[in-house]
Amino acid sequence: MKMLLIQLKYLVTVALVWSVTSLNAQKAETPDQNYDLGAKINEMTLTVGGVLVVATNDGLIGIKPTESQPVFTFTNFGKLKPEETDFVPNSPYIVVSQGAGSKFAGLTKTKRAVIDYIQGKVIFNSENDNWNQIYTCNVILPQNKLVVSGIQKEGDKFEKMTPKVAVYDLNTSKLDYSFFLDKPGRVGIAKDFSVTGTPLLLKDFLIIPTAQGLIAKSHSGDDLWQTKIKGINWMVADKTEKEIYGFETTANGKNTRIHKIGSNGDELWQDDRKVKGIVSNFEILPQGLAVVSDVAGSSGAFAARSESKITMFSAATGEDLWDKAPKTKGYVQHFYIMDDGILFGIYEGGINKISFDGKTLFKKPLKTGENIMVMAHSPQGLIYITGEDANIVNLETGEEVWGKPLKYKSATSVASTFDKENNRYLIAADGKIMAVDANSGEVNDLAKCDFEEKEDPNHMEIRNGSIFLSSSQNMTALSYDGNENYHTYYKSPGRSTFGKIVGGITAVASTAMTVSMSARAGANRSAYGSVNDLGSYNDYGKEAKRAADMFAGIAGASFDYLSTRFKATSATENSQFILTKLEDGVGLVKVSKDTGEVEKEIVLKDKKPEYQVDEFGGYLYYKANDKTIYAYNLNN
């Protein structure tokens, strides 16, 4: 299942366009910063903090455009492969691994390091703490801790060969506590104490999932309890932290077993509960446990379809509370917990609502087009927008508020907004802008939207008494009656150049902001608010505010920096950045959303430039040659 994750789309790789821009624009060919990195550049990654992390033949280098020198240089492990660098989502951390993916990882030395790319500090380096092998390395948020497991070459000869766990404070870079997973020097049959999943850090203790079972330790490393529940991949606790749920993928990798454990280690269900597929969403509710699992389809004449399963278990006993599960006939794309039940949308098309006791609340499942891009609250009801249609429905009955859905040709993107002054919804698709009266649902064609290169608008907003729309190559503004104020277009490059830029050396990581701090459903949900809460339509700025609040809730100077960054006004609030062909060569232009005029241009003089744009902070990073990065301030 693809969970709906609220995202901030401020940091993106900008598409190339070719055109001629205004000669009146401010020109800036001299970079604000010039970084000679001294080694061949292999990859550039723009982080959520706006710091550019560059992978070279020597290691990693971090660039903050407001500073003349790199914020950090990490060459301890030498040249790194892309898979050896992990940008922890929604954090200032990079986890660097070397040797972990080798088939000899259990025999040869493995190295790990954690870098705070905002402060430019190496917070943890396994070599400095005498770790010979690191098996697992997990950043735990919002507690801001690092939990590692492996073999540490400290103590007597038995201790040097016994698996160990250590907990570090990422804010202070200091060790909190450590403990052995087995008794050093124990006589008897050797046991596998490898860590099988992500540890669960609670207020009073830490649970480590191992091949021998769950092991609980106090925050000083003292023994609390152990269970025989083996092979747990991830865990989540309820708000009281007295009830813990563990998720174990079956041996064939196709299904999931759910276990319930008390804070004292007792198994609270008589038997575990097996669900078909891999659990992708898990919500602890007063009425029970809502579970979404994704089942992969099979091949053959009688093949099972690929689809999601929705189940409600009793939290007390683990029994299935529903006599009949709702049919999905596809993957759950949207999943929301409402006051009276569960609302869900299917990627293949369809919206339905079911009560907590398994009864259908809609008179009949709502048929929709494929790929539901938007499901949100509106004053009139639930508004949905797919790649093929749009409508508002009554959240109590599922009946359509608009007499019939607004239909259009299938589109990869559909732009929409609410025009409060005129009490209407505006939807751009199928080469036109349609205005839908919020009360009556009456539809009128407001204006044509013939974007060049057959582009679909991907953004629409009401600004300064006009309707603004944009795509990669086009920008336009219309009056409320549909008359065009301006339309500016910048021709895209040939496919060879475009492929080089978009699919080539540059890469973006950690640029999509999400509320959930883990890929695992349910992890850290209580700390950040649920991704299963239905949002309000057209609530501009909510993603940035949510991110700022999220970062503000974590201790540490780097999180303070991230919180401040997202409280600030985005550099694209009033402008759009486009790469184009200028008179003197290829360059980047800054175009006003209000007038369509070019406010600034930067000539790069490169037919196939490799670059990144921080659209939130307003900076351009450009690879000038194999060893040099230029940084330009786009705000001036």
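Residues numbered from 1 in each chain as written. Predicted model: local features only at pLDDT ≥ 70, side-chain atom pairs only at ≥ 80, totals over all residues. Heavy atoms only, no water.

Asks: Just to check I follow, could you spell out the pattern of salt bridges for this structure?
Replies: Applying the stated criterion across every chain, the model contains 20 salt bridges. The residue Arg-257 makes a salt bridge to Asp-272 at a minimum N-O spacing of 3.0 Å. Of this pair, Arg-257 sits in strand S22 (residues 255-262) while Asp-272 is found in the loop between S22 and strand S23 (273-276), placing the two residues 15 residues apart along the sequence. A relative accessible area of 29% means that Arg-257 is categorised as partly exposed. Classification of Asp-272 by relative accessible area gives partly exposed; the value is 29%. Here Lys-359 and Asp-357 are joined by a salt bridge, their closest N and O atoms 3.3 Å apart. When its relative accessible area of 52% is taken as the criterion, Lys-359 is described as exposed. Residue classification places Asp-357 among the partly exposed residues on the basis of a relative accessible area of 46%. Through salt bridges that share partners, Glu-461, Arg-463, Lys-593 and Asp-594 make up one connected network. (Salt bridge = Lys/Arg side-chain N within 4 Å of Asp/Glu carboxyl O. Helix = DSSP H or I, 4+ residues; strand = E, 2+ residues; numbered from the N terminus. Buried < 20%, exposed > 50% of the residue type's maximum accessible area, 1.4 Å probe, protein only.)

Asks: Explanation requested: the side chain of Ser-479 in the structure shown.
Replies: Residue position: Ser-479 is located in the loop between strand S40 (474-478) and strand S41 (484-489). Judged by relative accessible area, which is 18%, Ser-479 ranks as buried. Non-local contacts of Ser-479, meaning those with residues more than four positions away in its chain, are made with Ile-467 and Asn-485. (Contact = heavy atoms within 4.5 Å.)

Asks: How should the confidence of the model for the protein chain be read in this particular structure?
Replies: Low-pLDDT stretches of the model should not have their predicted coordinates read in fine detail. Averaged over the protein chain, the pLDDT score is 85; the fraction of residues at 70 or greater is 86%. The model gives residues 1-24 a pLDDT under 50, and that stretch makes 112 contacts with residues more than four places away or in other chains. (pLDDT = per-residue confidence, 0-100.)

Asks: When you look at the sheet that holds strand S13 (residues 145-152) in this model, what are you seeing that I'm missing?
Replies: Within a sheet, each strand pairs with its neighbour through backbone hydrogen bonds, oriented either parallel or antiparallel. Read from one edge of the open sheet, four strands run S12-S13-S14-S15, paired in antiparallel fashion. Unpaired on one side and paired on the other, strand S12 (131-140) and strand S15 (174-180) mark the two borders of the sheet. Neighbour-to-neighbour, the strand axes of the sheet open up by a mean angle of 20 degrees, direction not taken into account. As paired strands, S12 and S13 are joined by eight bridges and run antiparallel to one another. In the sheet register, Ile-134 faces S13, and the bridge partner there is Gly-150. (Pairing = 2+ DSSP bridges. Axes fitted to C-alpha atoms, helices over the stretch in contact; angles between N-to-C directions.)

Asks: What is the right way to read unusual backbone geometry from this model?
Replies: Leaving glycine aside, a negative phi is the common case for residues, and trans is the common case for peptide bonds. Cis geometry marks the peptide bond from Leu-141 to Pro-142; its omega dihedral reads 10 degrees. Secondary-structure assignment places Pro-142 in the loop between S12 and S13. Backbone geometry at Glu-453 places phi at a positive 65 degrees, although glycine is not the residue there. When you line up the elements, Glu-453 lands in the loop between strand S37 (443-448) and strand S38 (459-463). A residue is classified by how much of its surface remains accessible, and Glu-453, at 37% relative accessible area, is partly exposed.

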